[in-house]
Amino acid sequence: MHTLYAAANPLEAEILRAYLAEHGIRAQLLGAGLWSGLGELPADNWPRLMLDDDSQLAPARELLRRYEHRRHAGASWVCACGERSPVHFEICWSCGHERPA
Ligand SMILES: [Zn+2]
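Residues numbered from 1 in each chain as written. Predicted model: local features only at pLDDT ≥ 70, side-chain atom pairs only at ≥ 80, totals over all residues. Heavy atoms only, no water.

J.: I would appreciate a short explanation of the overall build of the chain in the present structure.
T.: Scanning the chain for helices and strands turns up two helices and five strands. When the helices and strands of the chain are placed in sequence order, the string is β-α-β-β-α-β-β. Here the chain holds 101 residues, and 29% of them are scored as buried. When the accessible surface of the chain is totalled, it reaches about 6300 Å², and 56% of it is carbon and sulfur. (Helix = DSSP H or I, 4+ residues; strand = E, 2+ residues; numbered from the N terminus. Buried < 20%, exposed > 50% of the residue type's maximum accessible area, 1.4 Å probe, protein only. Areas by Shrake-Rupley, 256 points an atom, 1.4 Å probe, with all protein chains shown as cover.)

J.: Honestly, the packing of aromatic side chains in this entry has me stumped. Any pointers?
T.: The geometry of an aromatic ring pair is captured by two quantities: the separation of the ring centres and the angle between the planes. Under the counting rule described, the total for this entry stands at one aromatic pair. Residues Tyr19 and Tyr67 carry aromatic rings whose centres are separated by 6.0 Å and whose planes lie at 45° to one another, so their mutual orientation is tilted. Of this pair, Tyr19 sits in helix α1 (residues 10-22) while Tyr67 sits in helix α2 (residues 57-73), and the two are 48 residues apart along the sequence. Tyr67 shares its class with Tyr19; the two are buried. (Phe/Tyr/Trp six-rings, centres within 6.5 Å; stacked < 30°, edge-to-face > 60°.)

J.: I keep staring at the coordination of the zinc ion and nothing clicks. Help me out?
T.: In ideal tetrahedral geometry, four donors around a metal make angles of 109.5 degrees, whereas ideal octahedral geometry with six donors gives angles of 90 or 180 degrees. Protein coordination of the zinc ion is provided by Cys79 (SG), Cys81 (SG), Cys92 (SG) and Cys95 (SG), with donor distances spanning 2.3 to 2.4 Å. Coordination at the zinc ion comes from four donor atoms whose angles at the metal span 104 to 116°, giving a geometry best classed as tetrahedral. Mapped onto the sequence, the residues coordinating the zinc ion show the spacing C-x1-C-x10-C-x2-C. Look at Cys92 and you get buried, because its relative accessible area is 2%. (Donors = N, O, S within 2.8 Å, 3.2 Å for Na, K, Ca; no water. Tetrahedral: all angles 85-135°; square planar, octahedral: opposite > 155°, others 65-115°.)

J.: Please explain α1 as it appears in this structure.
T.: An α-helix turns once per 3.6 residues; consequently, residues spaced three or four apart project the same way. Here α1 is 13 residues long and its end C-alpha atoms lie 18 Å apart, about the 18 Å a rise of 1.5 Å per residue gives. When α1 is considered as a whole, its buried residues turn out to be Glu12, Ala13, Leu16, Tyr19 and Leu20. Summarising the axial view, the buried residues of α1 lie within an arc of 125°, below the 170-degree limit, and thus occupy one face. Summarising the geometry of α1, the exposed residues directed more than 90 degrees from the buried face are Leu11 and Glu22. In this structure Asn9 caps α1, since a side-chain oxygen of it lies 3.1 Å from the backbone nitrogen of Leu11. A positive backbone phi angle near 80° is found at Gly24, which sits one or two residues after α1. (Expected span 1.5 Å × (residues − 1). Arc of directions from axis to C-beta. Polar contact = N/O pair within 3.5 Å; in protein donor to acceptor, adjacent residues only side chain to side chain.)

Structural data, given as C-alpha cells:
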C-alpha cells in the first residue's frame, strides 16, 4: 500500500478520509491512534492515509491536489443560498446545492 498523504493532525486525516470516501475511494487511516500529548512523536507516526486499492492512486492524488488548492484558496466557500461551507464540503451543508466551480 502506498502512503497517500501524511496529514498535519488526526482531524485533517479524518476529513480527508471522508472526502476520498465521498468520491468512492477507500483509504485507511494509520498512525492517528498513536497521537497523544505525551512527548514528541517521531515523524513517521504522523497520521497517514493508505489506499485500500493502489489502482486508485492517480484519482486519489488528483482529489488531494484539489483539496490542497482549495485549502490555500480559503477556508470556506459561499453558496448561492448565502450560507458558508468549509472547503472540504462538496455540497452546501444547508441546502445541498453543489459547490460552484
Ligand atoms: Zn446552500
